[in-house]
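# Structure assessment
Residues per chain are reported as follows:
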Amino acid sequence: MIRTDTLNYEFVDHIPEQLDDGTLYVSIPYATVVHRCCCGCGREVVTPLTPTDWALVFDGETVSLDPSIGNWSFPCRSHYWIKMNAVCWAPDWSATQVRAARAFDATKKEQHFTNSNAKAPARDSVDAQQSRARARKENLWERIRRLILGN
Ligand SMILES: [Zn+2]
């Protein structure tokens, strides 16, 4: 097993069937990043890009993923950060730490989806009201202008 310490990246539409070791495949259309586990075990690691999963930073030359990647369901249990194409190895977590992180993630996701559901209709109705008020004002102004100009 050869450990990967530096990654390349490739922007792709579809994730290829055969993945190369040491390459981060970034699919913007699918908002997903896939790579083979950096420990060398060859397992495919899928990191979806969502507000509650991972965030990708592309600075034009390198890519970073946030937060760290914990492959707790793989036999290797490897844990690392991907920072500016470099693999920064992090310590293994105990079962308790993994459980706590998973619970935290679940809460974060729940909050995210509850909040976005609650916020969206309110924001829409305010905007609709404002634009209707603006439309009414414009109509009134139009009428006044017609009275003044006589057309
Ligand atoms: Zn591995």
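Look up a bit, the structure's there.
### Observations concerning the coordination of the zinc ion
Coordination of the zinc ion by the protein involves Cys37 (SG), Cys39 (SG), Cys41 (SG) and Cys76 (SG), with metal-donor separations of 2.3 Å. Relative to the metal, the 4 donor atoms surrounding the zinc ion lie at angles of 104 to 115 degrees, and the coordination shape comes out tetrahedral. Binding-site remark: the zinc ion is held by donors from one chain whose sequence spacing is C-x1-C-x1-C-x34-C. Exposure remark for Cys37: the relative accessible area of 1% places this residue in the buried category. Cys41 gets classed as partly exposed once you look at its relative accessible area, which sits at 29%.

### Examining the nonpolar core
Within the largest apolar cluster, 17 residues are counted, with the highest numbers of intra-cluster contacts made by Leu65, Ile69, Tyr80 and Ile82. Within the residue set of this core, elements represented by two or more residues are strand S2 (23-27), strand S6 (63-70) and strand S7 (79-83). With 3 residues, S6 is the largest single contributor of residues to this core. The contact partners of Leu65, leaving out residues within four places of it in the chain, are Val33, Thr47, Leu49, Trp54, Ala55, Leu56, Trp81 and Ile82.

### Quick notes on unusual backbone geometry
Looking along the chain, the bond that leaves Asp66 and enters Pro67 is cis, with omega of 0 degrees. Along the chain, Pro67 turns up in strand S6.

### Brief notes about the pattern of salt bridges
Side-chain pairs of opposite charge can arise whenever the charged atoms involved come near each other. Per the counting criterion, the structure on display carries 5 salt bridges. With a shortest N-O distance of 3.7 Å, Asp5 and Arg3 are connected by a salt bridge. Lys108 is the partner of Asp105 in a salt bridge, and the nearest nitrogen-oxygen pair spans 3.9 Å. Of this pair, Asp105 and Lys108 both sit in helix H1 (residues 95-149), 3 residues apart, which is roughly one turn of that helix. Asp105 sits in the partly exposed class, given a relative accessible area of 35%. A residue is classified by how much of its surface remains accessible, and Lys108, at 30% relative accessible area, is partly exposed.

### Some words on the packing of aromatic side chains
Inspection of the entire model under this criterion finds 5 aromatic pairs. Residues Phe11 and Phe58 carry aromatic rings whose centres are separated by 4.9 Å and whose planes lie at 70 degrees to one another, so their mutual orientation is edge-to-face. Taken together, the positions of Phe11 in strand S1 (residues 8-11) and Phe58 in strand S5 (residues 55-58) put the pair 47 residues apart, joining distant regions of the chain. Through a chain of ring-to-ring contacts, three or more aromatic side chains come together here, namely Tyr9, Phe11 and Phe58. The ring of Phe74 carries the charged tip of Arg43 above its face, separated from the ring centre by 5.5 Å. Across the ring face of Trp81, the terminal group of Lys83 is positioned such that the distance to the ring centre comes to 4.8 Å.

### Comments concerning the sheet that holds strand S3 (residues 32-36)
By way of backbone hydrogen bonds, the strands of a sheet pair with one another, either parallel or antiparallel. Taken in spatial order, the 4 strands make up an open sheet running S1-S2-S3-S4, and their pairing is mixed. Of all the strands in the sheet, the pair left with one neighbour each is S1 and strand S4 (44-48). Recorded for the sheet is a direction-independent mean angle of 20 degrees between the axes of neighbouring strands. Bridge count between S3 and S4: 5 bridges; the pairing is antiparallel. Looking at S4, one finds that Val33 is bridged to Thr47.

Conventions and cut-offs
- Residues numbered from 1 in each chain as written.
- Predicted model: local features only at pLDDT ≥ 70, side-chain atom pairs only at ≥ 80, totals over all residues.
- Heavy atoms only, no water.
- Donors = N, O, S within 2.8 Å, 3.2 Å for Na, K, Ca; no water.
- Tetrahedral: all angles 85-135°; square planar, octahedral: opposite > 155°, others 65-115°.
- Buried < 20%, exposed > 50% of the residue type's maximum accessible area, 1.4 Å probe, protein only.
- Core = buried A, V, L, I, M, F, W, Y, C linked by side-chain atoms within 4.5 Å.
- Helix = DSSP H or I, 4+ residues; strand = E, 2+ residues; numbered from the N terminus.
- Contact = heavy atoms within 4.5 Å.
- Salt bridge = Lys/Arg side-chain N within 4 Å of Asp/Glu carboxyl O.
- Phe/Tyr/Trp six-rings, centres within 6.5 Å; stacked < 30°, edge-to-face > 60°.
- Lys NZ or Arg CZ within 6 Å of the ring centre and 35° of its normal.
- Pairing = 2+ DSSP bridges.
- Axes fitted to C-alpha atoms, helices over the stretch in contact; angles between N-to-C directions.

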